[in-house]
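# Summary of structural features
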Amino acid sequence: METLLDYRFDRKELIGLSLSALIGLWYLFKKHWLANNLFGLAFAVNGVEYLQLGAVKTGCILLCGLFMYDIFWGTDVMVTVATSFEAPIKLVFPQDLIEHGFFGAQKMAMLGLGDIVIPGIFIALLLRYDVSLNRNSRTYFITCFIAYIGGLVFTIVVMHVFKHAQPALLYLVPSCLGAPLFVALIKGDLHSMFAYQDDSGEEEGVEGEEVEDDKDDEKKKTK
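Below is a short write-up of the structure. Within each chain, residues carry numbers counting from 1 in the order of the written sequence. The predicted nature of this model means local features are confined to residues of pLDDT at least 70 and side-chain atom pairs, given and counted, to a pLDDT of 80 or more, with totals for whole chains, interfaces and linings taken over all residues. Heavy atoms from the whole structure form the basis of all side-chain values; hydrogens and water molecules are not counted.

Quick look at the overall build of the protein chain now. From N to C terminus, the protein chain includes 9 helices and 2 strands. Mapped from its N terminus to its C terminus, the protein chain presents α and β elements in the order α-α-α-β-α-β-α-α-α-α-α. Each residue is assigned to one of three classes by its accessible area relative to the maximum for its type, calculated with a 1.4 Å probe on protein chains only: buried under 20%, partly exposed between the two thresholds, exposed over 50%. Across the 223 residues of the protein chain, 33% fall into the buried class. Residues count as neighbours in contact if any of their non-hydrogen atoms are within 4.5 Å of one another. A separation threshold of at least 6 residues defines the contact pool for the protein chain, and within that pool the share at least 24 residues apart is 66%. Carbon together with sulfur atoms contributes 65% to the accessible area of the protein chain, which is approximately 15,000 Å² in total. In DSSP terms, a helix is any run of H or I states spanning at least four residues, a strand is any run of E spanning at least two, and both are numbered starting from the N terminus. All accessibility values rest on the Shrake-Rupley procedure with a 1.4 Å probe; residue burial counts only the protein chains present in the view.

Structure representation (structure tokens):
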């Protein structure tokens, strides 16, 4: 009889599962902002890992399209969804942490997970482009990562100055696109950057199919 489920856990995985369960219960019953952020960061990391762009020009089109959407339609819609939907779909940062403490903070600033994942998959693409150049450097990855941090800091500053929610992509897209493209123009890599095609996702899929075929062959031999 073939076994449908055969899971084996080592000690590290059991510890991780136990901690995750505790954090899940903490969020379920308390809805604390830190538990929310832990879940949000986990979702964001998984999003960057599993969502991949195949070309730099595709990433530019995606970011520019979301840039326009975020400016003209997205801000009010996303603020309404984020404030009314009680789920870890955003990162929240207490603005009154000093006054009310770690557990008493109520006034929150928000950052949508899309503002992390969308630029994140573009930054990950530039890392793979750096690897394809075989220069033993991560010039474009580091440039875009620093530009993202700078754009995020600028967003927070503008939000605090004007006391109003800001479309983060309004500042993140120009920084994440402008900085690496400017460096590529200076280094003479602009043409190769736009000609770059990433096939890592397809290669992983082929390798996965080969592994499954090998397992099926082994099962047939044992039978």
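Patches in this entry comprise residues that are over 30% relatively accessible and not in a salt bridge; like charges within 9 Å are linked, as are nonpolar side chains (Val, Leu, Ile, Met, Phe, Trp, Tyr) within 5 Å. Here a salt bridge means any side-chain nitrogen of Lys or Arg lying within 4 Å of a carboxyl oxygen belonging to Asp or Glu. Together, Ile15, Leu19, Leu22, Leu25, Leu28 and Phe29 give the surface a local cluster of nonpolar side chains, amounting to about 650 Å² of exposed area. Along the chain, Leu22 falls in helix α1 (residues 11-30).

One non-glycine residue, Lys31, lies in the positive phi region at around 55 degrees. Relative to the helices and strands, Lys31 resides in the loop between α1 and α2 (33-50). Residue Asn134 is not a glycine yet carries a positive backbone phi of 55 degrees. Turning to its location among the elements, Asn134 is positioned in the loop between α5 (114-133) and α6 (139-162). Residue Asn134 is classed as exposed on the basis of its relative accessible area of 65%.

Here a helix's expected span is defined as the number of its residues, less one, multiplied by 1.5 Å. Taking 1.5 Å of rise per residue, 20 residues should cover 28 Å, and α5 covers 29 Å from first to last C-alpha, within 8% of that figure. Counting buried residues along α5, 15 of its 20 residues qualify, which places the element largely inside the surrounding structure. Asn134 occupies a position one or two residues after α5 and carries a positive phi of about 55 degrees.

Another point: α6. The terminal C-alpha atoms of α6 lie 34 Å apart, and with 24 residues this matches the ideal 34 Å at 1.5 Å per residue to within 8%. Looking at α6, one finds that the buried residues are Tyr140, Thr143, Cys144, Ala147, Tyr148, Gly151, Leu152, Thr155, Val158 and Met159. Residues of α6 that are buried in the fold lie against β2 (108-112), α5, α7 (169-187) and α8 (190-195). Directly after α6, the chain includes Lys163, whose backbone phi takes a positive value near 55 degrees.

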